[in-house]
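# Examining the three-dimensional arrangement
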Amino acid sequence: MKKDCWQMLELKNHLDNYKNDVFLDSRNVFLTNPANKAKIDEVFQNYAWPAIIRTLSGTPIRLFHVGDEDPLLKIEDLRHEYATRALLFVLEDKNNPLRRDSTSPWYFRGEIRCSALDYMISSDFHLYLPPIIGIDNLLNLLKDPAFNGCPPTLSFEISYKKQESWIVEFHSGSGAGWGITSYQQFSDHVRKEILKALKLIEATYRLEEDYSNIMAFKMLRNVLRDTYGTNIS
C-alpha cells in the first residue's frame, strides 16, 4: 500500500489527533475516504437540505435546533462497508417548541442516509393520545392490517406535570440505489416524505381539538396508513 494513499493519510491523522490519549491502544480506527465524504455531503447540501427547507417554508413547522447551531454540521459517518453519512433531524411547531413543558401531541424524527451506492430515508412518528381516546380505538389502530409489516408500538407515559398519555410509535424507511434513481429524484423523495409528515401533523391537530370526534380519528388513521402502511410504495 502506498504511503500517500488516503487510507494511510487518514490513519496518520487519527494517530496525530489522539497521540496524547493514554487509551490510544484501546481505540478502534474507522477510516473513510475524504473525497467520498465530500461528495456525499454535497448531495445533502444541494439536494436533501434545500428540499426540506422549501417544503417547510410557509408552515409553522420548522427544524428543531439548539441556539445558532447549523444542523448540517450534524452529518455523521456511519460504520458501513462503503462510505456512508447520515443526517438526523427533528421537526417542531414554532408555536409549541420542543422543551420539557411541551404539550405537543406528536413527535417526528427523520434520518437521511447517503452512501456512495444508495440512499435511505427513514422516520419515526410518535403520536401522544390521552386516556380519553379509549382502549378500543387504540387496539383497532394497533391491529390495522396496513401496519402488519412494521407494526406500531404502544407505551404509556406520565409527564413531569402528571399528564398521562398513550404513545403510539410508527416507523418506516425507503430508498434506492444511485444507479436506479437520480439526485433530483432523491430530492423529490425527501420532499414527499416531509409533505407526508406535515399532513400527519395537521391530522393530529385536528383530532386534538376533540378526541371524541370519530371522523377526525378515522382521518388520522387513514393518513397514518398512507405514510406507514406496508403496502405503500
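Residues numbered from 1 in each chain as written. Predicted model: local features only at pLDDT ≥ 70, side-chain atom pairs only at ≥ 80, totals over all residues. Heavy atoms only, no water.

## What about the side chain of aspartate 93?
We apply this condition: To qualify as a helix, a DSSP run of H or I must reach at least 4 residues; to qualify as a strand, a run of E must reach at least 2; elements of each kind are numbered from the N terminus. Buried, partly exposed and exposed residues are distinguished by accessible area as a fraction of the type maximum, computed with a 1.4 Å probe on protein chains only: under 20%, between the cut-offs, and over 50%, respectively. Charge counting follows a simple rule: Lys and Arg are positive, Asp and Glu are negative, and His as well as the terminal groups are ignored. Salt bridge criterion: a side-chain nitrogen from Lys or Arg within 4 Å of a carboxyl oxygen from Asp or Glu. Here a polar contact means two N or O atoms within 3.5 Å. Within protein one must be a hydrogen donor candidate and the other an acceptor candidate, and residues neighboring in sequence count only if both atoms are side-chain atoms. By the convention used here, residues are in contact when the closest approach between their heavy atoms is within 4.5 Å.
Residue position: aspartate 93 is located in strand β3 (residues 84-93). It turns out aspartate 93 is buried and unbridged, and the closest side chain with the opposite charge, arginine 62, is 7.2 Å from it. A distance of 2.8 Å separates the side chain of aspartate 93 from the backbone nitrogen of asparagine 95, its partner in a polar contact. Among all residues touching aspartate 93, those that are not within four sequence positions of it are Pro60, Ile61, Trp106 and Tyr205.

## Thoughts on the nonpolar core
To keep it simple, the criterion reads: In this description, a nonpolar core means a group of buried Ala, Val, Leu, Ile, Met, Phe, Trp, Tyr and Cys residues linked to one another through side-chain atoms lying within 4.5 Å.
Ile112, Phe186 and Leu224 are the most contacted members of the largest nonpolar core, which has 47 residues in total. The element that contributes the greatest number of residues to this core is helix α4 (residues 183-209), accounting for nine residues. Excluding its chain neighbours within four sequence positions, the residues that come into contact with leucine 224 are Phe125, Leu127, Leu141, Phe147, Phe170, Leu200 and Gly229.

## Details of the packing of aromatic side chains
Where we set the bar: Paired rings are identified among Phe, Tyr and Trp, the last through its six-membered ring, by centres lying within 6.5 Å, and are further divided according to the angle between planes into stacked (under 30 degrees), edge-to-face (over 60) and tilted (the rest).
Overall, the coordinates contain nine aromatic pairs when judged by the stated rule. Taking the centre distance of 5.0 Å and the plane angle of 70 degrees together, the rings of phenylalanine 156 and tryptophan 166 count as edge-to-face. You can see phenylalanine 156 sitting in strand β6 (residues 153-158) and its partner tryptophan 166 sitting in strand β7 (residues 164-177), a full 10 residues away along the chain. On the basis of relative accessibility, which here comes to 41%, the residue phenylalanine 156 falls in the partly exposed class.

## Quick word on the packing of α4 against helix α5 (residues 214-228)
Axis angle and axis distance: for two packed helices, these are the angle between their axes and the distance between the axes, and together they describe the pair. Our working definition: Interaxial angle, 0 to 180 degrees, is taken between N-to-C directions of lines fitted to C-alpha atoms, where a helix line uses only the stretch in contact. If an angle is under 35 degrees, it is roughly parallel; if it is over 145, roughly antiparallel; if it lies from 65 to 115, roughly perpendicular; otherwise it is oblique. Helix crossings get a hand from a simple test, with the near helix turned counterclockwise from the far one by less than a right angle marking a left-handed crossing and a clockwise turn marking a right-handed one. In this classification, the charged set is Asp, Glu, Lys and Arg, the nonpolar set is Ala, Val, Leu, Ile, Met, Phe, Trp, Tyr, Cys and Pro, and all remaining amino acids, among them Gly, are polar.
Where α4 contacts α5, the two axes come as close as 9 Å, and the packing angle between them is 160 degrees. On the basis of the axis angle, α4 is roughly antiparallel to α5. The hand of the α4/α5 crossing is left-handed. Taken together, the residues of α5 that come into contact with α4 (itself represented by Lys196, Lys199, Leu200, Ala203, Thr204, Arg206 and Leu207) are Ala216, Phe217, Met219, Leu220, Val223, Leu224, Asp226, Thr227 and Tyr228. Its residues placed into classes, the contact of α4 with α5 shows 10 nonpolar, two polar and four charged.

## Some points on the side chain of glutamate 193
Looking at the secondary structure, you find glutamate 193 in helix α4. Assessed through its relative accessible area of 13%, glutamate 193 is described here as buried. Excluding residues that lie within four positions of it along the chain, glutamate 193 makes contacts with Ile121 and Ser174.

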